[in-house]
Amino acid sequence: WDKTDSFKNSPTLNGLLYLEKTSPGEYAAIQWLKQHSQPTDGVLEAVGNDYSHFGRIAASTGRSTVLGWPGHEHQWRGTFKQLNSRTDDVLLMYSSDDSDRIRELLTKYDIQYVVVGPRERKSYNTEHLEGLDELLDRIFSQDGVTIYSVRERDV
């Protein structure tokens, strides 16, 4: 380690410290979820390539998500059968304007929070989410990262 620049400043075991400097909105969103959500709560975030920045929110908070890295999951399960439908469902939840279908999928996967950050905006058409007032409440927003809570259905 002494031959690299990795530890030239302040050595630390805090794996998220670099996020505080390089992606403060995402770091703040992770901290917010850790403080304000329950360990059993589900979080929706973008699906992406293995060994990438995708799945970072779930991994950093310990909250479950629909799917983070499909290839990694395939290694453990031996099939893409369930993974393809999960990838499609995440696409629908971020891109559809059918609030009934989105609610159905959020319920199916027990999602309480929807994260919209740079990866979600790049991967999906997320602009309509802000207009789904009957379904989502904006509860956190900082430096390009927004968290919505899933509104309870009025009975």
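Up top you'll find the structure we're talking about.
Here's what I pulled together on the structure shown here. Note that this is a predicted model, so its numbers are computed, not measured.

## Things to note about the sheet that holds strand β3 (residues 136–142)
Okay, so step 1: Here we have four strands laid out as an open sheet, ordered β1-β2-β4-β3, and mixed in their pairing. What marks the edges here is a single partner per strand, and that holds for β1 (42–44) and β3. Neighbour-to-neighbour, the strand axes of this sheet turn through a mean angle of 25 degrees, independent of strand direction.
Okay, so step 2: Of the pairings in the sheet, the one linking β1 to strand β2 (residues 111–116) comprises three bridges and is parallel in character. Looking across to β2, one finds that L44 is bridged to V114.

## Topic: unusual backbone geometry
Okay, so step 1: Of note in the backbone geometry, D110 takes a positive phi value of approximately 55 degrees without being a glycine.
Okay, so step 2: In this fold, D110 is placed in the loop between α6 (99–108) and β2.
Okay, so step 3: Look at D110 and you get partly exposed, because its relative accessible area is 45%.
Okay, so step 4: Notably, D143 is not glycine yet its phi reads approximately 45 degrees, a positive angle.
Okay, so step 5: For D143, the position within the fold is in the loop between β3 and β4 (145–150).
Okay, so step 6: Exposure remark for D143: the relative accessible area of 53% places this residue in the exposed category.

## Quick word on helix α2 (residues 24–36)
Okay, so step 1: Compared with the 18 Å implied by 1.5 Å per residue over 13 residues, the 18 Å span of α2 between its first and last C-alpha is a close match.
Okay, so step 2: All buried positions along α2 are accounted for by G25, E26, Y27, A28, A29, I30, W32 and L33.

## A closer look at the nonpolar core
In a soluble, globular protein the nonpolar side chains are often hidden away together inside.
Okay, so step 1: Residues L44, L106 and V114 are the most contacted members of the largest nonpolar core, which totals 24 residues.
Okay, so step 2: Among the elements that make up this core, the one with the highest residue count is helix α5 (residues 81–95) (four residues).
Okay, so step 3: Setting aside chain neighbours within four positions, we find L44 in contact with T65, V66, V90, M93, Y94, L106, I111, Y113, V114 and V115.
Okay, so step 4: If you look at the next biggest cluster of nonpolar residues, it comprises 15 residues, including Y27, A28, L33 and V145.

## Notes on the side chain of S96
Okay, so step 1: Within the element layout of this structure, S96 appears in the loop between α5 and α6.
Okay, so step 2: You can call S96 buried: its relative accessible area is 12%.
Okay, so step 3: Excluding anything up to four places from it in sequence, S96 contacts L91, I102 and H128.

Conventions we followed
- Residues numbered from 1 in each chain as written.
- Predicted model: local features only at pLDDT ≥ 70, side-chain atom pairs only at ≥ 80, totals over all residues.
- Heavy atoms only, no water.
- Pairing = 2+ DSSP bridges.
- Helix = DSSP H or I, 4+ residues; strand = E, 2+ residues; numbered from the N terminus.
- Axes fitted to C-alpha atoms, helices over the stretch in contact; angles between N-to-C directions.
- Buried < 20%, exposed > 50% of the residue type's maximum accessible area, 1.4 Å probe, protein only.
- Expected span 1.5 Å × (residues − 1).
- Core = buried A, V, L, I, M, F, W, Y, C linked by side-chain atoms within 4.5 Å.
- Contact = heavy atoms within 4.5 Å.

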